[in-house]
Amino acid sequence: MRVLVTGGAGYIGSHTVVQLVAAGHEPVVVDSHVNSRPSVLPRLEELTGTRIESHGFDLRDADATSALLGEGGFDAVIHFAGLKAVGESGRSPLEYYDNNLGTTFALLRAMGRHGVGTLVFSSSATVYGEQAPVPYREGHEPLVSSSPYGRSKVMQEQILRDVAATGAVRVALLRYFNPVGAHPSGRIGEDPQGIPNNLMPFIAQVAVGRRERLQVFGGDYPTADGTAERDYIHVEDLAAGHVAALDHLRDHPEIRVREWNLGGGRGTSVLEMVAAFEAASGRPIPYDVVDRRAGDLPAFWADASRAEVELGWRATRTIEQMCADTWRWQSANPQGYPA
Ligand code: NAD
Ligand code: UFG
């Protein structure tokens, strides 16, 4: 399949591009580089041994998006492009709604105009909100979220369901848990700009000497060691989940819209992650336990059985592999991608 990968220069998109090529598909990247560097693209060509067609524009440019899809030959779209920082979304809600909804509108219109009928969408476990029982199951309702970022995902899911109901597009809604790790080559990985918001890149930057100490947000949660638990998933497993969803939609034309959790199905605490990273890197991770971060939940993980039964997909990589691969990437690229 020829697959348009929006946000294909970003963290999860770049790993998915590599796996699409390995699976015999032809990915085409579009990315505005608002949160990525064009220098990832030659590395994708190096890893795949093939030329990757790429386009640098903002998807909200409806004419450019339509012109690209109008070039013809696309079988499907994987829509990663979006802004994703929970805290920043509270400070700039309009920017988040505009970007995350605007990209989806432009894409859906262009797909409709040019007859591209299959979409795989990046959703998030954040759509389960604060009240859903753990483990999270796809059938849970209502979907709610506590941040503008999360609400933009709830809204996009709803918009996609509404458009899918007309028969215009068939949609996989993939709800990611906590993606971490990097390609085992160490050539591509997560490269947050500025101070990392997320745990794994922060730990990695402490290990490599870019930051002094980790702040552990909350030591008094009702968990085994008092720190919060999350369902970490290796980005390589996550990328494989996209290929599986794409193949599944192709093989099951009766599906209009379907949600799948992509997680490992178990919780790991902040301190367990710190210990695993120390072991993988051989570096100490000094930390201080500080107050809880506003909005954080104590513990959640996926029931990932629907993806296993229907997609034949399961997360197989361990916490140790997540840390070892992150460390290989971080130690070889201490400042991330070249500018
Ligand atoms: P990322 O920021 O690394 O990648 C997103 C890419 O989209 C970036 O390269 C960015 O430049 C591009 N982009 C943003 N707005 C654009 C626009 N208007 N036009 C064109 N390109 C644009 O993020 P990621 O971690 O790879 O996340 C990919 C998707 O997965 C996002 O939709 C995100 O919300 C979702 N998601 C991520 C996580 C996570 O923890 N990483 C968890 C759940 C869901
Ligand atoms: N944490 C720290 N110190 C840090 C960063 C994080 O202790 O410097 C803790 C957090 O408090 C949390 C855990 O590490 O307990 C994981 O935090 P992340 O920020 O890495 O991930 P979150 O679970 O908060 O957020 C992720 C995605 C969001 C998504 C959310 C809900 O990044 O996009 O899951 O699904 F909205």
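The model shown is predicted, which means the values in this text are computed figures rather than measured ones.

I tried to follow the packing of helix α1 (residues 11-22) against helix α2 (residues 40-48) on my own but got confused; where do I start?
For any two helices packed against each other, one specifies the crossing angle of their axes together with the interaxial distance. One way to put it is that α1 packs onto α2 with a least axis distance of 10 Å and a crossing angle of 25°. It follows that α1 is roughly parallel to α2 by the angle criterion. Along this stretch, α1 crosses α2, giving a crossing that reads as right-handed. Contacts between α1 and α2 involve Ser14, Val17, Val18 and Val21 on the former and, on the latter, Val40, Leu44, Leu47 and Thr48.

Please explain the site of ligand 2 as it appears in this structure.
Residues in close proximity to ligand 2 total 20 residues, the closest being Leu199, Gln215, Arg230, Arg293 and Asp296. Within the backbone of leucine 199, one N or O atom sits 2.8 Å away from an oxygen atom of ligand 2. Within the complex, 90% of the 690 Å² of free accessible area of ligand 2 lies under protein. The dominant element in the shell around ligand 2, judged by the number of residues it contributes, is strand β8 (residues 214-217), at four residues. For the shell around ligand 2, the per-class residue count stands at eleven nonpolar, six polar and three charged.

For this particular structure, what's the right way to read the site of ligand 1?
In the vicinity of ligand 1 lie 28 residues, with Ile12, Asp31, Asn35, Lys84 and Tyr149 positioned nearest. Tyrosine 11 places a main-chain nitrogen or oxygen 2.8 Å from an oxygen atom of ligand 1. Separating an oxygen atom of ligand 1 from a side-chain N or O atom of serine 36 is a distance of 2.8 Å. Bound to the protein, ligand 1 loses 95% of the 830 Å² it would expose on its own. Breaking the shell around ligand 1 down by element, the ones donating at least two residues are α1, α5 (93-114), β5 (118-124) and α6 (148-165). For the shell around ligand 1, the element with the most residues is β5, which contributes three residues.

Thresholds, definitions, all that
- Residues numbered from 1 in each chain as written.
- Chains lettered and ligands numbered in written order.
- Predicted model: local features only at pLDDT ≥ 70, side-chain atom pairs only at ≥ 80, totals over all residues.
- Heavy atoms only, no water.
- Axes fitted to C-alpha atoms, helices over the stretch in contact; angles between N-to-C directions.
- Helix = DSSP H or I, 4+ residues; strand = E, 2+ residues; numbered from the N terminus.
- Parallel < 35°, antiparallel > 145°, perpendicular 65-115°, else oblique.
- Left-handed = near helix turned anticlockwise from the far one by under 90°.
- Contact = heavy atoms within 4.5 Å.
- Near = heavy atom within 4 Å.
- Polar contact = N/O pair within 3.5 Å; in protein donor to acceptor, adjacent residues only side chain to side chain.
- Areas by Shrake-Rupley, 256 points an atom, 1.4 Å probe, with all protein chains shown as cover.
- Nonpolar A, V, L, I, M, F, W, Y, C, P; charged D, E, K, R; others polar.

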